[in-house]
Amino acid sequence: MSSWWCVLCTLVAVGLSSVICRTIFIEENPPTPEELNFMKRYGYLLEGPSDEKTYTSQSVSESVKKMQQFAGLPQTGVLDPETRKLFKKRRCGVKDIESKTAKSRRRRYVIQQSWGRRSISYRVLNGSSTLKKSRVEELIAAGLAVWAPHGGLRFDAVDDHKADIEVTFTSRDHGDGFPFDGPGRVVAHAFPPPHGSMHFDDDELWGDNPDEDNEDVTDFFAVAVHEIGHALGLSHSNVKSSVMYPYYQVPVEKLHIDDILGMQELYLKDDMPQAPETVESTESTVVKHSSLVPRFTKPDRGEEELDEDEIPDLCFTNYDTIQVIQNKIFVFEEEWMWVLSKRKQIDEGYPRRFHEAFRGLPPYIKVIKTIYEKRNGHIVIFHGRSFWEFSSRFRLIKRGRISEYRIPPKVSELTTAFVSNYNNKTYLIEYERFWRFDEATWTMDSGYPKEMSAWRQVPYPVDAAIIWQGDTFFFRGPRFWRFDNNLIQAHEYYPLPTAQIWFPCEETDDMMRYATNEEI
Ligand code: ZN
Ligand code: ZN
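What counts, and at which threshold
Within each chain, residue numbers correspond to sequence positions counted from 1 in written order. Each chain is given a letter, starting from A, and each ligand a number, starting from 1, according to the order in which they appear as written. Side-chain atom pairs in this predicted model are given and counted only at pLDDT of 80 or more, local residue features only at pLDDT of at least 70, and totals for whole chains, interfaces and linings cover all residues. Excluded from the side-chain calculation are hydrogens and water; included are all heavy atoms of the structure. Pairing between two strands is assigned when DSSP locates at least 2 bridges connecting them. Comment: elements are numbered from the N terminus, with helices defined as DSSP H or I runs of at least four residues and strands as E runs of at least two. Simply put, an axis is a line fit to the C-alpha atoms, just over the touching stretch for a helix, and the angle between two N-to-C directions goes from 0 to 180 degrees. The nonpolar core is taken to be a set of buried Ala, Val, Leu, Ile, Met, Phe, Trp, Tyr and Cys residues, with the residues joined through side-chain atoms within 4.5 Å. Under the scheme applied here, a residue whose accessible area is under 20% of the maximum for its type counts as buried, over 50% as exposed, and between as partly exposed, the area being computed with a 1.4 Å probe on protein chains only. Throughout, a residue-residue contact means that at least one pair of heavy atoms, one from each residue, lies within 4.5 Å. Metal-coordinating donors are taken as N, O and S atoms lying within 2.8 Å of the metal, or within 3.2 Å when the metal is Na, K or Ca; because water is left out, some sites can appear incomplete. Geometry is assigned from donor-metal-donor angles: four donors are tetrahedral when every angle falls between 85 and 135 degrees, four are square planar and six octahedral when opposite donors sit over 155 degrees apart with all other angles between 65 and 115, and any other arrangement is irregular.

Caption draft 1: Region of the structure containing the sheet that holds strand E15 (residues 379-383). If you trace the four strands from one edge of the open sheet to the other, you get E14-E15-E16-E17, paired in antiparallel fashion. The sheet is open, and its two borders are formed by strand E14 (370-373) and strand E17 (396-401), each paired with just one other strand. Here the strands of the sheet are splayed against their neighbours by 20 degrees on average, with no regard to which way each runs. Bridge analysis of strand E16 (residues 386-390) against E17 gives five bridges, and the strand direction is antiparallel. Across the sheet, the residue bridging to phenylalanine 387 is glycine 400, located in E17.

And the structure:
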């Protein structure tokens, strides 16, 4: 019976029918109590009724979809064999979706809170049954060193008193309300600041020999790097190649850009006390530049308070992206867009939802972060490895893959795109690097990608880059920079606050300190 429904599911893959079909499939093939517990525990199914029968098939199916999305599986809403494997995988015991941020989350990486300083102590209390304490200390030190440069952090080992981060091997019920479960499944968990404890399940066979095929030995270093991320304040990421992905994966070789951005956002703040001198300074310009750039942090809102129709205030927000299209300024934030014919003048009828303007864009696209106007006047929206091209009258013409822009296949998204008025080339940016593309010959210029540091004095990654009245502007967080194509660096009077210069927002005292440049 189940497999018959499954065939039907595949056949009827659209609209309401598929919802009904999935629901029936869940009824035919319901989750076990253990599987329901898993979904509750990791935040996919709301805690509530203790009797699982009171969950509707619909809500279970939605939870399965969330779980599939987080794990990077096709979101069928059905407990297929691939999905069921997740219940058995080795993983971290920390929740994937915090109920507070379940809906309002917009970044892929999620942060909780930092230590509020860059000097942090740690202590290893014991070794495991299979790993000596001295080896654990070495591996923890190596794991901390992976994170340190991205937050400008200094870690000091202490031996005789309470440390910020304490590392313990323990098993089963160990008094913190999150008992371990014997060999396999949950292998470790850690608590964010100001708690900072990291617990490793001593029922695992811990080793330091990363080999994915080795089902018996769990690689301590891989798990430690992940748990340190929690102890520094990061939550789980649904990006499989990030260290903060909740399921066990080896080997861990380097941090993903999401991990790095999360760390920067937590620790590279102007008001954060510096670590003492002896800290190894990093050469990375990303770190130096980003530290100049505060971002608005929005208060966490409970799910019940979320209002789908709430329109962000252009004066107090970040911007997903900004672009000039048909000589007008387009601003995107969440599902909304504003159009301005000139600075500070919002056109009538805005904001409106961008889906109303760009019809044909799939509904799963909830934000627009990368958009540009081609030289032929077409408008291209990038999302992941795909792009959607619209005519100048906003009609969908085609959907394509970014590989058509001769971007290497391993690049999973472009974060900013713009056509320079200086050389008519298209700049395609992926966080820290960019390519230069020639639309006339449809070829990539040689010598690319280059590092974003080539745009001197401009912080990166940038949220947006535009050409406005002959000048090049870069935007990041609430500020922007004007780039001088002759000096090949940002003008000295920048950054300036975006809201007060571009949008009709009242000047604040803080802003007046910057208002020395009359040129723009
Ligand atoms: Zn975790
Ligand atoms: Zn614990």
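Caption draft 2: Representation of the nonpolar core. Ranked by internal contacts, the top residues of the largest apolar core, which has 54 residues, are Phe382 and Trp502. For this core, the element with the most residues is strand E23 (residues 464-468), which contributes five residues. Dropping the residues within four chain positions of it, tryptophan 502 is found in contact with Ile329, Leu340, Arg343, Lys344, Ile466, Trp468, Phe473, Phe475 and Phe480.

Caption draft 3: Main features of the coordination of the zinc ion (ligand 1). Listed as protein donors to the zinc ion (ligand 1) are Cys92 (SG), His226 (NE2), His230 (NE2) and His236 (NE2); their distances from the metal cover 1.9 to 2.2 Å. Bound by four donor atoms, the zinc ion (ligand 1) shows angles of 100 to 115 degrees at the metal and therefore tetrahedral coordination geometry. Spacing between the donor residues of the zinc ion (ligand 1) along the chain follows C-x133-H-x3-H-x5-H. You can see cysteine 92 sitting in strand E1 (residues 91-92) and its partner histidine 230 sitting in helix H7 (residues 220-232), a full 138 residues away along the chain. Like histidine 230, cysteine 92 is buried.

Caption draft 4: View of the sheet that holds E1. Spatially, the six strands line up as an open sheet ordered E1-E5-E6-E4-E2-E3, and their pairing is mixed. Edge positions in the sheet fall to E1 and strand E3 (154-157), since each has one partner strand and no second. Alignment of strand E2 (residues 119-124) against strand E4 (residues 165-170), held across three bridges, turns out to be parallel. Its bridge partner lying in E4, tyrosine 122 is registered against isoleucine 165. Here helix H6 (residues 133-151) sits on the sheet and contacts E2, E3, E4 and strand E6 (198-201); the angle it forms with E2, its principal contact strand, is near 155 degrees. Packing of H7 onto the sheet brings it into contact with E1, E2, E3, E4, strand E5 (186-190) and E6, and relative to E6 it is tilted by some 150 degrees.

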